[in-house]
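This is what each chain is made of:
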Amino acid sequence: MKEKLNQTLKGMQGFHFDLLRHENKVIVAIMAVLFLLPIFISNKVVINTFTLILLYILLASSLNVVNGYSSQFNVGQAGFYCIGAYTAAILTTRFNISFWLLLPVSGLMAALVSLLLSAPTAKLKGMYFTIVTLGFSEIVRQLCLNWTDLTQGPRGISGIPSPEFFGIDYPRSTFFYYVVFALAVIMLFCTNRVLASRVGRAWRSIREDDAAAASLGVETARYKMINLAYSAFWAGVAGCVYVFFQRFVSPDTFTLDESFNILAMNIIGGQGTLLGPIVGSVVANLITELFRSALQYRMLLYSALIILMMWLRPQGLVGAINRDGGTRLFRRTKPAKSDAAKGGTAA
């Protein structure tokens, strides 16, 4: 039984290798299907559900830039998401700034805050950096909760206007669907180009071995700051879209649970690939929607899926295969034989 299961998993490894060889084509195919979805489905509930899936593709992909390509472990993505959301909500309700201008402004505000955060912490590694991002996310949420003069505290900000698009009267659900779709496509395209550039190569060298990268002249602290700022920018853009889509924002949306939810989508799909966050977002959100009527079982199934992924396939559904090409399941590490056991002695 174990041998058959291992053979099956090895076959899956080969399938994933082929999948990653044609990663860009698979992404184009998935996005083409998503583009055509509103043409064949007119149900607003379904369209809104897939709008949120696209929004999470944007968020999960932005987190993947940090966790998957520079070896930093960020668990506070909801903090940058929150900054973008409140930037858009405050500026549009107080100064009547348009949605289209607020998209880059919200992203730039989140990126600026990330630079302020990473400047003193760029040399932190591992758990230390993780704890900083965890605390940062909660600090941002608490500021939004308690700075009532600016954010209206726990009441949140409501009355956010609908975006205008050349004076055209459009179905709201379809409009936001294609806005988020376009942003996800732009983000994936830009990330693909960045990863192929000198900056992307520096990120991957830091991921593999930051000490070796530094010895070869890579300014690791500088590239880590750029990495986090790029990720934060897209999280801020997602926050702006969320505010105008929901027409309301409150601190309850940006709890640590939301950060872990985004992280889980990366784990399920696979970090370090462009395709992984897309697959993880679709799978995780469809599971939660299918079991929405039974909340306790929905979260139980979601948690069980994450545990199974960490056990059976820790690199994710479409993550890169292990370097030795094998599977982790039922693998036993054989102890190295001593010289005496080999029948020889050291010279």
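Model, not experiment: these values are computed from the prediction.

(A) Fine view of the overall build of the chain. Check the secondary structure of the chain and you find 14 helices and two strands. The proportion of buried residues among the 347 residues of the chain is 46%. Within the chain, residue pairs in contact and separated by at least 24 positions form 78% of the contacts whose partners lie at least 6 positions apart. Per element, the accessible surface of the chain, about 18000 Å² overall, is 65% carbon and sulfur.

(B) Inspection of the pattern of salt bridges at higher detail. According to the stated counting rule, one finds two salt bridges in the structure shown. Of the charged contacts in the structure, one is a salt bridge between E138 and R141, with a shortest N-O distance of 2.9 Å. Pair noted here: E138 and R141 are both in helix 6 (residues 126-146), with a separation of three residues, about one helical turn. Exposure remark for R141: the relative accessible area of 13% places this residue in the buried category. Of the charged contacts, one joins E208 and R207 as a salt bridge, the two residues approaching to 3.2 Å between their closest N and O atoms.

(C) Geometry of a nonpolar patch on the surface. The grouping of F35, L36, I39 and F40 at the surface amounts to a nonpolar patch, some 440 Å² of accessible area in total. Within the secondary structure layout, F35 lies in helix 2 (residues 23-40).

(D) A look at helix 3 (residues 44-67). The terminal C-alpha atoms of helix 3, which comprises 24 residues, lie 34 Å apart, in line with the 34 Å expected from a rise of 1.5 Å per residue. With 19 of 24 residues buried, helix 3 is to be regarded as a mostly interior element. The N-cap residue of helix 3 is N43: its side-chain oxygen and the backbone nitrogen of V45 are 2.8 Å apart.

(E) A look at the nonpolar core. Within the largest apolar cluster, 83 residues are counted, with the highest numbers of intra-cluster contacts made by F80 and F244. If sequence neighbours within four positions are ignored, F244 has contacts with A88, T92, F99, L102, I160, P161, P163, R172 and F176.

(F) Layout of the environment of I41. One can find I41 in the loop between helix 2 and helix 3. Exposure remark for I41: the relative accessible area of 29% places this residue in the partly exposed category. Those residues in contact with I41 that lie beyond four places of it in its chain are V46 and I47.

(G) Structural context of the packing of helix 5 (residues 99-118) against helix 10 (residues 220-246). Where helix 5 meets helix 10, the axes come as close as 7 Å, and the angle between the chain directions of the two elements is 140°. Here helix 5 and helix 10 pass one another in a crossing that is right-handed. Looking at the contact of helix 5 with helix 10, its residues break down into 18 nonpolar, five polar and no charged.

(H) Up close: the side chain of T92. Relative to the helices and strands, T92 resides in helix 4 (residues 77-95). Within the structure, the side chain of T92 is placed 3.2 Å from the backbone oxygen of I97, a separation counted as a polar contact. Contacts of T92, omitting those with residues within four sequence positions, involve I97, L102, I160, P161 and F244.

(I) Broad picture of helix 6. Compared with an ideal rise of 1.5 Å per residue, which puts 21 residues at 30 Å, helix 6 spans 31 Å between its outermost C-alpha atoms and is within 8% of the ideal. Looking at the buried residues of helix 6, the elements they touch are helix 4, helix 5, helix 7 (148-151), helix 10 and helix 11 (256-269).

(J) Representation of the packing of aromatic side chains in the model. Counted by the stated rule, this structure contains 17 aromatic pairs. Taking the centre distance of 6.1 Å and the plane angle of 50° together, the rings of W203 and Y230 count as tilted. Taken together, the residues W203 in helix 9 (residues 198-215) and Y230 in helix 10 connect sequence positions 27 residues apart. We note that W203, like Y230, is buried. Taken together through their ring pairs, the aromatic side chains of F99, W100, F175, F176, F244 and F245 make up a single cluster.

About the cut-offs
- Residues numbered from 1 in each chain as written.
- Predicted model: local features only at pLDDT ≥ 70, side-chain atom pairs only at ≥ 80, totals over all residues.
- Heavy atoms only, no water.
- Helix = DSSP H or I, 4+ residues; strand = E, 2+ residues; numbered from the N terminus.
- Buried < 20%, exposed > 50% of the residue type's maximum accessible area, 1.4 Å probe, protein only.
- Contact = heavy atoms within 4.5 Å.
- Areas by Shrake-Rupley, 256 points an atom, 1.4 Å probe, with all protein chains shown as cover.
- Salt bridge = Lys/Arg side-chain N within 4 Å of Asp/Glu carboxyl O.
- Patch = residues over 30% accessible without salt bridge, like charges linked within 9 Å, V, L, I, M, F, W, Y side chains within 5 Å.
- Expected span 1.5 Å × (residues − 1).
- Polar contact = N/O pair within 3.5 Å; in protein donor to acceptor, adjacent residues only side chain to side chain.
- Core = buried A, V, L, I, M, F, W, Y, C linked by side-chain atoms within 4.5 Å.
- Axes fitted to C-alpha atoms, helices over the stretch in contact; angles between N-to-C directions.
- Left-handed = near helix turned anticlockwise from the far one by under 90°.
- Nonpolar A, V, L, I, M, F, W, Y, C, P; charged D, E, K, R; others polar.
- Phe/Tyr/Trp six-rings, centres within 6.5 Å; stacked < 30°, edge-to-face > 60°.

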